[in-house]
Amino acid sequence: MKGIILAGGSGTRLYPLTKAISKQIMPIYDKPMIYYPLSVLMLANIREILIISTKRDLPIFENLLGNGRDFGIKLEYKIQDKPNGLAEAFIVGEKFIKNDNVCLILGDNIFYGSGFSGLLEEVTSLKKGAVIFGYPVKDPRAYGVVEFDKNGKAISLEEKPENLKSNYAIPGLYFYDNTVISKAKTLKPSNRGELEITAINKKYLKESKLNVKKFGRGIAWLDTGTPEGLLEASNFVEVIQKRQGFYIACLEEIAYQKNWISKEHLLHKINELKNCDYKVYLKNLLN
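Residues numbered from 1 in each chain as written. Predicted model: local features only at pLDDT ≥ 70, side-chain atom pairs only at ≥ 80, totals over all residues. Heavy atoms only, no water.

Novice: What should I look at first to understand the packing of helix α10 (residues 263-272) against helix α11 (residues 277-285) in this one?
Specialist: Two numbers describe a pair of packed helices, the interaxial angle and the distance between the axes. Contact geometry for α10 and α11: axes closest at 10 Å, N-to-C directions at 155°. Between α10 and α11, the angle is such that the two are roughly antiparallel. α11 is crossed by α10, and the crossing has left-handed handedness. Across from Leu-266, Ile-270 and Asn-271 in α10, the residues of α11 making contact are Lys-279, Leu-282, Lys-283 and Leu-285. Residues belonging to the contact of α10 with α11 are distributed by class as follows: four nonpolar, one polar and two charged. (Axes fitted to C-alpha atoms, helices over the stretch in contact; angles between N-to-C directions. Helix = DSSP H or I, 4+ residues; strand = E, 2+ residues; numbered from the N terminus. Parallel < 35°, antiparallel > 145°, perpendicular 65-115°, else oblique. Left-handed = near helix turned anticlockwise from the far one by under 90°. Contact = heavy atoms within 4.5 Å. Nonpolar A, V, L, I, M, F, W, Y, C, P; charged D, E, K, R; others polar.)

Novice: Can you help me understand the pairing of strand β5 (residues 74-79) in this one?
Specialist: A regular strand places its side chains so that they alternate between the two faces of the sheet. Sheet topology note: the strand β4 (residues 48-53)/β5 ladder contains six bridges and is parallel. The residue of β5 that forms the bridge with Ile-52 is Lys-78. For the handedness criterion, the β-α-β arrangement of β4, helix α2 (residues 58-65) and β5 is classed as right-handed. (Pairing = 2+ DSSP bridges. Right-handed = clockwise from strand over helix to strand, strands pointing away.)

Novice: Please explain the pattern of salt bridges as it appears in this structure.
Specialist: For side chains bearing opposite charge, pairing can occur when the charged atoms are close. Enumeration according to the criterion identifies 17 salt bridges in this entry. Asp-57 serves as the salt-bridge partner of Arg-56, at 2.7 Å between the closest nitrogen and oxygen. Note on Asp-57: relative accessible area 2%, which makes it buried. Among the charged side chains, a salt-bridge network with shared partners connects Glu-159, Lys-160, Arg-192, Glu-194 and Glu-196. (Salt bridge = Lys/Arg side-chain N within 4 Å of Asp/Glu carboxyl O. Buried < 20%, exposed > 50% of the residue type's maximum accessible area, 1.4 Å probe, protein only.)

Novice: Just checking my understanding: could you explain the packing of aromatic side chains for this structure?
Specialist: Note on aromatic pairs: each is described by the distance of the centres and the angle between the planes. Throughout the structure, instances matching the rule amount to 16 aromatic pairs. Judged by centre distance (4.6 Å) and plane angle (5°), the ring pair of Phe-133 and Phe-215 falls under stacked. Of this pair, Phe-133 sits in strand β8 (residues 130-136) while Phe-215 sits in the loop between β13 (210-214) and β14 (219-223), and the two are 82 residues apart along the sequence. The exposure class assigned to Phe-133 is buried, which follows from its relative accessible area of 0%. By relative accessible area, which is 4% here, Phe-215 ends up buried. Aromatic side chains Tyr-135 and Phe-215 sit 6.2 Å apart centroid to centroid with 70° between the ring planes, which places their arrangement in the edge-to-face category. A residue pair is termed long-range when its members are at least 10 positions apart, and Tyr-135 in strand β8 and Phe-215 in the loop between β13 and β14 qualify at 80 residues. Looking at Tyr-135, the relative accessible area reads 15%, which means it is buried. Taken together, Phe-111, Phe-116, Phe-133, Tyr-135, Tyr-143, Phe-175, Phe-215 and Trp-221 form an aromatic cluster joined through their ring pairs. (Phe/Tyr/Trp six-rings, centres within 6.5 Å; stacked < 30°, edge-to-face > 60°.)

Novice: So what exactly am I meant to see when it comes to the state of the cysteines here?
Specialist: Two cysteines form a disulfide when their sulfur atoms are joined by a covalent bond. Per the stated rule, a full pass over the model turns up zero disulfides. The closest cysteine sulfur to the non-disulfide-bonded Cys-250 is located on Cys-276, 11 Å from its own sulfur. When its relative accessible area of 1% is taken as the criterion, Cys-250 is described as buried. (Disulfide = S-S within 2.5 Å.)

Novice: Would you mind showing me how to read α10 here?
Specialist: Structurally, the α-helix is built with 3.6 residues per turn, so residues lying three or four positions apart point the same way. When α10 is considered as a whole, its buried residues turn out to be His-265, Leu-266, Lys-269 and Ile-270. Across the axial projection of α10, the buried residues extend over an arc of 140°, all falling on one side. Exposed residues pointing more than 90 degrees away from the buried face of α10 are listed as Glu-264 and Asn-271. The inward-facing, buried residues of α10 contact α9 (251-257) and α11. (Arc of directions from axis to C-beta.)

Novice: Whenever I open this one, the side chain of Lys-269 confuses me. Can you help?
Specialist: As for its position among the elements, Lys-269 is in helix α10. A polar contact of 3.4 Å, which involves the side chain of Lys-269, links it to the side chain of Asp-70. Those residues in contact with Lys-269 that lie beyond four places of it in its chain are Asp-70 and Glu-252. (Polar contact = N/O pair within 3.5 Å; in protein donor to acceptor, adjacent residues only side chain to side chain.)

Novice: Please explain unusual backbone geometry as it appears in this structure.
Specialist: Most peptide bonds adopt trans geometry, and most residues besides glycine take a negative phi value. Going from Tyr-15 to Pro-16, the amide bond is cis rather than trans, its omega being 10°. Take Pro-16: it is sitting in the loop between β1 (2-6) and β2 (27-28). Positive phi values are uncommon outside glycine, yet Asn-259 reaches one of about 60°. Overall, Asn-259 belongs to the exposed group, its relative accessible area being 68%.

Novice: Explain the pairing of β1 here, please?
Specialist: For β1, a buried count of five out of five residues is recorded, marking the element as mostly surrounded by other parts of the structure. Side chains Lys-2, Ile-4 and Leu-6 project from β1 onto one buried face, and the interleaved Gly-3 and Ile-5 project onto a second face that is buried too. Taken together, the five bridges between β1 and strand β6 (residues 102-106) define a ladder with parallel strand orientation. Across the sheet, residue Ile-5 finds its bridge partner in β6, namely Ile-105.

Purely spatial values, then, with no claim about function.
Okay, structure coming up:
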C-alpha cells in the first residue's frame with residue numbers, strides 16, 4: 001500500500017498565519033504539523049509516500065523532508081494547482097499509485113491513542129473495498145458525517161450536513177483499493193466546486209464495499225485547521241510528552257524502532273542537529 005499526504009489548500013481559516021507559508025509547516029508544539037500525518041503513515045508500515053501541495057509550498061516540504069532517506073522511507077512530491085477537492089489527490093497521484101492500494105491522510109489531521117498503531121497495521125492489509133473511520137464529536141457539521149444502523153453498519157454519508165443524522169464525523173484518514181482512481185475520475189464538482197471525498201465513499205457504500213470503523217474513547221483526533229485547533233493540538237502534545245517522556249510523531253524514532261534505519265544512520269542524524277531537546281531525545285533512544 002502507498003500513502004498520500006494532501007498538504008495543499010490556502011489555509012484561509014488561519015489567515016494571516018498562512019499568508020506566506022503552508023499551514024502544514026506551522027508548529028504543533030515542537031514539530032512541523034506535517035510530521036504528524038507522516039508519522040501515521042509510517043506507523044501503518046507505509047514507506048512509499050507522495051506529498052501533494054501547492055507550487056509555492058512544495059519546495060519547503062522538500063527542503064524539510066528531502067527524499068525520506070533519513071526516515072527509511074521514499075518521498076515523492078506533486079503539485080495540486082488549485083484546491084479542487086480531496087478526491088483530486090487520486091487523479092494527481094495516479095502515476096504514483098500505479099496498481100497499488102492507497103491511504104490518503106490530510107496534512108492537518110493528528111491522531112494519537114492506545115492501540116492506534118495496531119489498528120493501522122490491520123487496515124493496511126486491505127485487499128478490496130475501502131476503510132474509513134467514524135469519530136464522535138459534539139458538533140460534526142463541519143465534516144463528513146456517517147450514520148449507522150442499530151447493528152453498527154454504515155447506512156448513509158453526508159458532507160457538512162445542516163440536519164445531523166449522527167454525531168460521528170469522518171476524520172481525514174482513508175484507505176482504498178485501486179479502484180479509487182477510476183472512481184475519482186467519474187466525479188463531477190459539487191456545489192462547492194470540489195471533487196468531494198464523501199462522493200468517493202458513497203460509491204464504495206453503494207457497492208457494499210465500505211467498512212467504517214469507530215474510533216473509541218482511547219483515541220484522540222485533532223483537526224488543526226483553525227487557530228483554536230492549532231493551540232489545542234500543541235497543548236495536547238506538550239502534556240503527553242512532558243507527562244510520559246515519549247515524543248509524539250518523532251519520525252526518526254519510528255524508523256529506528258522498525259529497523260528502517262541503522263544505529264549508525266541515527267547517530268549521523270543526531271550529530272547533524274544543533275543543541276535542542278529533540279537531539280537529546282534521539283540520543284536517549286540509543287541508550
